[in-house]
Amino acid sequence: MIDKVMSREGVDLTGLSAFKHKVVDAFYIPYNSIPGARLYGSKFNLMIDENLDNDFSMSVYEEVTRIFNEPVNGLSNGTVKDIRINYKDDNLTVSIDVDYLGKIINIGNIKV
């Protein structure tokens with residue numbers, strides 16, 4: 001079972017809530033920024049100056065897959081089923097359908 005404490009609210013999270021929080025953390029924390037856990041996080045901060053085209057979309061898909069497959073991120077309870085990328089008003093959001101312990105959940109509108 002995943003246990004986590006939300007940093008801002010001090011609320012003890014378990015199960016699905018903790019899993020969703022870990023996904024969002026893995027998206028927002030820059031890759032190679034935590035000593036002792038250099039593989040944690042995402043490389044989205046390195047994609048900031050890329051053109052929004054098919055190559056960029058493929059890079060986003062690859063990064064989401066890498067985040068879920070990296071053991072340090074602690075997301076082994078989930079399997080990515082679908083990834084949707086939305087470009088709107090110069091913002092990029094990612095929505096992911098994940099199989100979490102046999103149940104399909106949506107983790108949506110993660111701003112990258």
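A brief look at the structure comes next. All values derive from a computational prediction rather than experimental measurement.

What counts and what doesn't
Residues numbered from 1 in each chain as written. Predicted model: local features only at pLDDT ≥ 70, side-chain atom pairs only at ≥ 80, totals over all residues. Heavy atoms only, no water. Helix = DSSP H or I, 4+ residues; strand = E, 2+ residues; numbered from the N terminus. Contact = heavy atoms within 4.5 Å. Buried < 20%, exposed > 50% of the residue type's maximum accessible area, 1.4 Å probe, protein only. Core = buried A, V, L, I, M, F, W, Y, C linked by side-chain atoms within 4.5 Å. Axes fitted to C-alpha atoms, helices over the stretch in contact; angles between N-to-C directions. Parallel < 35°, antiparallel > 145°, perpendicular 65-115°, else oblique. Left-handed = near helix turned anticlockwise from the far one by under 90°. Nonpolar A, V, L, I, M, F, W, Y, C, P; charged D, E, K, R; others polar. Pairing = 2+ DSSP bridges.

**Considerations on the side chain of T93**
Examined against the element boundaries, T93 turns out to sit in strand β4 (residues 91-100). Those residues in contact with T93, other than ones at most four positions away along the chain, are R84, I85, N86, N109, I110 and K111.

**Some details on the environment of K111**
Residue position: K111 is located in strand β5 (residues 103-111). Given the relative accessible area of 53%, K111 is considered exposed.

**Focus: the nonpolar core**
If you look at the biggest cluster of nonpolar residues, it comprises 24 residues, and the most contacted ones within it are F19, V23, F27, V60, V64, F68 and I96. Elements that contribute at least two residues to this core include exactly α1 (15-28), α2 (54-69), β3 (78-88), β4 and β5. Residues in contact with V64, not counting those within four places in the same chain, are F27, F44, V80, I83, V94 and I96.

**Here's the deal with the packing of α1 against α2**
The geometry of α1 relative to α2 is characterised by a closest axis approach of 11 Å and an angle of 125° between their N-to-C directions. Judged on the interaxial angle alone, α2 and α1 are oblique. Pair α1 / α2 crosses with right-handed handedness. Together, F19, V23, A26 and F27 of α1 and V64, I67 and F68 of α2 make up the contact between the two elements. A per-class count over the contact of α1 with α2 returns 7 nonpolar, no polar and no charged.

**What about the pairing of β4?**
The element β4 is extensively covered by neighbouring structure, given that 8 of its 10 residues are classed as buried. Of the pairings in the sheet, the one linking β3 to β4 comprises 10 bridges and is antiparallel in character. Directly across from R84, in β4, lies its bridge partner S95. The hairpin formed by β3 and β4 contains 2 residues between the paired strands, and D89 there has a positive phi angle of roughly 50°.

**Some remarks on the sheet that holds β4**
The strand order across the open sheet formed by 3 strands is β3-β4-β5, and the pairing between neighbours is antiparallel. Where the open sheet ends on each side, the last strands, each with one partner, are β3 and β5. Each adjacent strand pair in this sheet contributes to an overall mean axis angle of 15°, direction not counted. Sheet analysis places β4 next to β5, joined by 7 bridges and oriented antiparallel. Note on β5: the bridge partner recorded for I96 is I107. Lying over the sheet, α2 contacts β3 and β4, oriented at roughly 145° with respect to β3.

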